[in-house]
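Structural features, examined
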Amino acid sequence: MEARLILGDQLNENHSWFTELDNRVLYVMFEMRQETEYVKHHIQKVVAFFAAMRTFARKLEQDGHQVLYYTIDDPNNCHDLKKNIENVVQLLDASTFAYQLPDEYRLDQQLNEICKNLSIPSKAYDTEHFLTTRTELAEFYKSKKALVMEFFYRYMRKKHQYLMVDGQPEGGSWNYDKFNRNTWKGGRIPPPYTPDATLAKEIYPQVTAAGIETIGTFDDNPFLFAVSRDESLKQLDYFCEHLLQDFGTYQDAMHQDETNLFHARISFSLNVKLIDPAEVIEAAIAAYRKSEGSISLSQIEGFVRQILGWREYIRGLYWKEMPAYKQKNELNNFGKLPHFYWTGNTKMNCLKTSIKNSLDNAYAHHIQRLMITGNFALLLQTHPDEVDDWYLGIYADAVEWVQLPNTRGMSQYADGGILATKPYVSSGSYVNKMSNYCANCSYDKKKRTGDDACPFNSLYWNFLDDKREELRSNNRMGMMYNLLGKINPEELAKIKERAYQIMENPDAF
Ligand code: FAD
Ligand code: SF4
């Protein structure tokens, strides 16, 4: 017998493992405390993972494969990968053990270690999901000075011939990012696709009964994660038909009453591999071609860039830089994350809304993650470990390979500029430009000092002042430091006093 392990984020029905039925193969899947406890996860994330795993196991069985599945309450489950594998190997009297290469460094190391000590030979297989290998990005940048995403993205466009005409980018430009920055002024947005939540509702009490400590809520909002391949494909079709036409335009917009705007909400399905990046890109491009102009080139290019560019880039960077990346703290930040990140109890409307969205839905769109919660954590000079743990726990799509570079690199600049050319920090004026949060806030977006001054403003100037040493040599910060230089010393002292009040007790604001 061969025992083949399938991890919770390896639910790729189209993997070559499954092309043939083989009664000498047993697929093994485990719901383990090892995975529910390495960080405190959102309840909807735990439920979504278990529901997707159980649906996948059932599908394999229906197709005639043999599956051994340990639920969270199975008495045979040791809740530890090593012990479960050793027990299964013994139980089956297996002659080989096989697994798919994990995307997380932690599990990769653990499986290497387990296999070294197993009494039988082991084999590792590719997951057959990504458009690049683990090392492709590292090879691509070998002779380049900086890891600028745009160059990798162009390489991927050429390699896969997406949106290319005669060797040139369709429409003449590689990137239509400048058309992706509109604000949302209101109007009708199609509601998000609502997948079948029957299984999720069944699993929820089992997770609570098992005593798994979680964050966030389950009942207050519809459960919007597709947990089967069929539902994931329907969610993708829905996006292509109803949302893609405005995706690029409002990609960076935020709105008080709109949690989803025109975002696809497919990151969970992608990250657990229910759907794969090539089929997502091809479905979106097919919809663009069929749309007779209602989906413009800037919408489709904006979307393709996220999946073909950013997602693959992030994964390659993770494998290039790990394990050192997880320790990086180049801005020397040591603060704590405010308690309100777990409750949403703050008077700052942008944070209250974005955190509440996250607690209610295990989801927030990219700009809320980057320019609200991420921006504020960085302005507070929070230790990146604290920020990582929060992001890794709260979002259903959070798997370390994608969460870590986005958080530690893109949002916290803790890698000193490996991923981003400058820190993504802003004062209240950016938030005001891209959203309607400030119009409904207790604070005055224009003021830097005084009790009702927007906290982002004093924190922003103080951050620049505090981090002169670390950011001095960054050319892209020149304009910001010029503006800082124009603030007179007395005013700057008052701004810093207010910033330090906030940093000492952010929960009071
Ligand atoms: P859309 O906005 O509809 O985008 C479509 C798809 O593009 C996404 O599903 C995703 O697969 C891909 N994509 C877009 N941006 C990125 C990116 N920067 N990195 C990788 N893929 C991208 N994404 C995760 O999948 N898991 C995470 O744990 C995660 N953590 C993040 C933490 C921070 C601080 C930030 C700033 C971003 C993070 N992202 C993460 C990236 C991005 O915010 C999410 O992929 C996106 O919000 C998912 O929602 P969606 O499916 O509606 O995406
Ligand atoms: Fe956020 Fe400041 Fe705007 Fe309030 S005024 S919503 S705190 S940016």
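Throughout what follows, the structure given in this document is the object of discussion. (Residues numbered from 1 in each chain as written. Chains lettered and ligands numbered in written order. Predicted model: local features only at pLDDT ≥ 70, side-chain atom pairs only at ≥ 80, totals over all residues. Heavy atoms only, no water.)

**Observations regarding helix α4 (residues 105–117)**
The terminal C-alpha atoms of α4, which comprises 13 residues, lie 19 Å apart, in line with the 18 Å expected from a rise of 1.5 Å per residue. Looking at the buried residues of α4, the elements they touch are β1 (2–5), α1 (33–36), α3 (81–92), β4 (96–100), β5 (122–125) and α11 (297–321). (Helix = DSSP H or I, 4+ residues; strand = E, 2+ residues; numbered from the N terminus. Expected span 1.5 Å × (residues − 1). Contact = heavy atoms within 4.5 Å.)

**Describing the sheet that holds strand β2 (residues 25–30)**
The sheet built from five strands is open, its strands ordered β3-β2-β1-β4-β5 with parallel pairing. Pairing within the sheet leaves two strands with one partner each, and these edge strands are β3 (66–70) and β5. Mean inter-strand twist for the sheet, computed between neighbouring axes without regard to direction, equals 25 degrees. Inspection of the sheet shows β1 paired to β2 by four bridges, in the parallel sense. Pairing of A3 across the sheet is with L26, part of β2. Packed onto the sheet, α3 meets β1, β2, β3 and β4 and runs at close to 155 degrees relative to β2. This element, α4, spans β1, β4 and β5 of the sheet and lies at about 170 degrees to β4. (Pairing = 2+ DSSP bridges. Axes fitted to C-alpha atoms, helices over the stretch in contact; angles between N-to-C directions.)

**Section: the site of ligand 2**
Surrounding ligand 2, one finds M348, C350, G428, V431, Y437, C438, C441, Y443, K445, C454 and F456. Within the shell around ligand 2, the residues separate by chemical class into nine nonpolar, one polar and one charged. (Near = heavy atom within 4 Å. Nonpolar A, V, L, I, M, F, W, Y, C, P; charged D, E, K, R; others polar.)

**Structural notes on the pairing of β3**
Within β3, four of the five residues are buried, leaving the element largely enclosed by the surrounding structure. Note that β2 and β3 share five bridges and pair parallel. Residue V28 lies in a different strand from β3, and its bridge partner there is L68. (Buried < 20%, exposed > 50% of the residue type's maximum accessible area, 1.4 Å probe, protein only.)

**Some details on helix α2 (residues 43–62)**
Taking 1.5 Å of rise per residue, 20 residues should cover 28 Å, and α2 covers 28 Å from first to last C-alpha, within 8% of that figure. Counted residue by residue, α2 has 15 buried out of 20 residues, so it is predominantly covered. Positioned one or two residues after α2, G64 has a phi angle of 105 degrees, which is positive.

**Observations regarding the packing of helix α17 (residues 455–466) against helix α20 (residues 489–504)**
Taken N-terminus to C-terminus, the directions of α17 and α20 make an angle of 105 degrees; their axes are 8 Å apart at the nearest point. On the basis of the axis angle, α17 is roughly perpendicular to α20. Here P455, S458, L459, W461, N462, D465 and D466 of α17 lie close against α20, whose contacting residues are L492, I495, K496, R498, A499, Y500, I502 and M503. Along the lines of polarity and charge, the residues of the contact of α17 with α20 split into nine nonpolar, two polar and four charged. (Parallel < 35°, antiparallel > 145°, perpendicular 65-115°, else oblique.)

**Quick look at the pattern of salt bridges**
The full count for this structure, using the stated rule, is 36 salt bridges. Where R106 meets E104, a salt bridge forms, and the shortest distance between an N and an O atom there is 3.4 Å. Classification of R106 as partly exposed rests on a relative accessible area of 26%. One salt bridge in this structure joins E469 and R472, with 3.2 Å as the shortest N-O distance. (Salt bridge = Lys/Arg side-chain N within 4 Å of Asp/Glu carboxyl O.)

**Some points on the packing of helix α8 (residues 229–247) against helix α10 (residues 277–290)**
In contact at an axis separation of 10 Å, α8 and α10 are set at 35 degrees when each is read in the N-to-C sense. Our pair here, α8 against α10, has a crossing hand that is right-handed. Facing R229, L233, L236, C240 and L244 of α8, the residues of α10 in contact are E279, V280, A283, A284 and A287. Classifying every residue of the contact of α8 with α10 by side-chain character gives eight nonpolar, no polar and two charged. (Left-handed = near helix turned anticlockwise from the far one by under 90°.)

**Concerning the site of ligand 1**
Taken together, 28 residues surround ligand 1, and among them H263, A264, R265, N271 and Y363 come closest. Interatomic distance of 2.8 Å between a side-chain N/O atom of N271 and an oxygen atom of ligand 1. Within the side chain of Y363, an N or O atom sits 2.7 Å from an oxygen atom of ligand 1. In the complex, 99% of the free accessible area of ligand 1, which totals 820 Å², lies under the protein chains. Top contributing element to the shell around ligand 1 by residue count: helix α15 (residues 400–411), with six residues. (Polar contact = N/O pair within 3.5 Å; in protein donor to acceptor, adjacent residues only side chain to side chain. Areas by Shrake-Rupley, 256 points an atom, 1.4 Å probe, with all protein chains shown as cover.)

**Focus on the environment of Y391**
Residue placement: Y391 occurs in helix α14 (residues 384–394). By relative accessible area, which is 5% here, Y391 ends up buried.

**Things to note about the packing of aromatic side chains**
Evaluated as defined, the whole model comprises 39 aromatic pairs. A ring pair is formed by F218 and F223, whose centres lie 5.8 Å apart and whose planes are at 40 degrees; its orientation type is tilted. Residue F218 is classed as buried on the basis of its relative accessible area, which comes to 6%. Consider the rings of F340 and F376, whose centres lie 6.1 Å apart with planes at 45 degrees: the pair is tilted. Within this pair, whereas F340 is found in the loop between α11 and α12 (349–361), its partner F376 is found in helix α13 (residues 366–379), the two being separated by 36 residues in sequence. (Phe/Tyr/Trp six-rings, centres within 6.5 Å; stacked < 30°, edge-to-face > 60°.)

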